[in-house]
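Each chain, letter by letter, is given below.
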Amino acid sequence: MDHRELTARIKALLRERRGIWLAHNYQRPEIQDGADLTGDSLALSIAAAKTDAELILFCGVHFMAESAAILSPQKRVLLPRLDAGCPMANMIAAEQLVGAKRQRPGYSVVTYVNSTAAVKAESDICCTSANAVRVVEAAPSEKVFFAPDQNLAQWVAAQTKKKVEWWRGFCPTHHRLTAEHVRRAKERWPDAVVVVHPECRPEVTALADLVASTSGMLKWAQTASVKRALIGTEEGLLHGLRKANANIEYALIDEETLICPNMKLTTLPDVLAALERPADYTVTVPDDIRRRAKRALDRMLEVG
Ligand code: 13P
Ligand code: SF4
């Protein structure tokens, strides 16, 4: 079956099951094109919380489907590749966060959604890269402990007067990008604007013209009147950027670096298989963890 036939079968099954198909901006092009909604982590969390569908088919990585299950417990959430994890989310365990909190009485704990449900359950409030600064500003204490991404934490710390300390996790895909990669790319395209994700190292964000979440980058592209852009995020976003503004020529800052193997795992046959055998692909969260994690996610959604 080709992409069109597979997509048609997937859509027919979704209609039968009253399902909605959500896909992250890094997914394969054919997945993004088939989905009802593509977006960044924030947009997808909002959609998962608000939808009246009975089933959420989530194409992304495990923590994203887990967040959907936390926010919409009465719905079935499917992740077509249960092995699509996020290495950053696994860089801090709940016990380690509890230890870090014990050493920092009076701190608010702000946790990036790229984290496990158990870690969210130990947090005061969650954030995404799109709202991290606003969430830190809204946190009750003037002192914040940020987990697990050291790079996003440092980017936020530079934009707030609050005292921010952080866990030393990172996204392997974005953390591999160096200032040297940016300099070499700029030698190739000296006239290009440099657009990077805040999961990049501070030495990289310091060289960028724009630092934004994936949806922030898409929004920028819609109205930008530049000729060329060097992109510092996962290569899956190029598909959306080309759709958002085909007049701009895009290139990754470094092609070998900016691929997340987990985001590339899901294929259309995997999606179809998940809908044909939903019980084998359902993501669930134990109830006690779910309730505490939901508090942290709900607080984030209140901030917006
Ligand atoms: P956003 O789409 O929220 O910017 O997230 C980036 C990311 O790395 C998700 O895994
Ligand atoms: Fe995790 Fe990075 Fe992949 Fe996003 S791009 S899922 S943060 S490893």
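Residues numbered from 1 in each chain as written. Chains lettered and ligands numbered in written order. Predicted model: local features only at pLDDT ≥ 70, side-chain atom pairs only at ≥ 80, totals over all residues. Heavy atoms only, no water.

(A) Fine view of the environment of Ala-65. As for its placement among the helices and strands, Ala-65 is situated in helix H4 (residues 62–71). Its relative accessible area of 0% is what places Ala-65 among the buried residues. Considered as a pair, Ala-65 and Arg-299 are 234 residues apart in the sequence and their alpha carbons are 19 Å apart. Non-local contacts of Ala-65, meaning those with residues more than four positions away in its chain, are made with Phe-58, Val-77, Leu-79 and Val-283. (Helix = DSSP H or I, 4+ residues; strand = E, 2+ residues; numbered from the N terminus. Buried < 20%, exposed > 50% of the residue type's maximum accessible area, 1.4 Å probe, protein only. Contact = heavy atoms within 4.5 Å.)

(B) Spotlight on the site of ligand 2. Near ligand 2 the following residues occur: Tyr-26, Val-61, Cys-86, Pro-87, Met-88, Asn-114, Cys-171, Pro-172, Glu-199, Cys-260 and Met-263. In a pocket analysis with a 2 Å cut-off to the grid points, ligand 2 is assigned to the largest pocket. Partitioning the shell around ligand 2 into residue classes produces nine nonpolar, one polar and one charged. (Near = heavy atom within 4 Å. 1 Å grid on protein atoms, 1.4 Å probe; cavity = no way out; pocket = protein on both sides within 12 Å on 5 of 7 lines; lining within 4 Å. Sits in = over half its atoms within 2 Å of the grid points. Nonpolar A, V, L, I, M, F, W, Y, C, P; charged D, E, K, R; others polar.)

(C) View of the site of ligand 1. Taken together, 13 residues form the shell around ligand 1, and within it His-24, Ser-41, Ser-129, His-197 and Thr-214 come nearest. The side chain of Ser-41 places a nitrogen or oxygen atom 2.9 Å from an oxygen atom of ligand 1. A distance of 3.0 Å is found between an oxygen atom of ligand 1 and a side-chain nitrogen or oxygen belonging to Ser-129. Relative to its unbound accessible area of 300 Å², ligand 1 is 96% covered by the protein chains. Cavity membership is defined here by more than half of the atoms lying within 2 Å of grid points; on that basis ligand 1 lies in the largest pocket. For the shell around ligand 1, the per-class residue count stands at four nonpolar, seven polar and two charged. (Polar contact = N/O pair within 3.5 Å; in protein donor to acceptor, adjacent residues only side chain to side chain. Areas by Shrake-Rupley, 256 points an atom, 1.4 Å probe, with all protein chains shown as cover.)

(D) Representation of the layout of surface pockets in the model. Reported here for the largest pocket is a volume of approximately 320 Å³. If you trace the largest pocket, you find 30 residues lining it, with Tyr-26, Asn-114, Cys-171, Glu-199 and Met-263 closest to the centre. Within the residue set of the lining of the largest pocket, elements represented by two or more residues are helix H3 (41–50), H4 and helix H9 (172–175). Among the elements that take part in the lining of the largest pocket, H9 stands out by supplying three residues, more than any other. Looking at the lining of the largest pocket, its residues break down into 15 nonpolar, 11 polar and four charged. (Points joined across faces, edges and corners; volume = space filled by probe spheres on them.)

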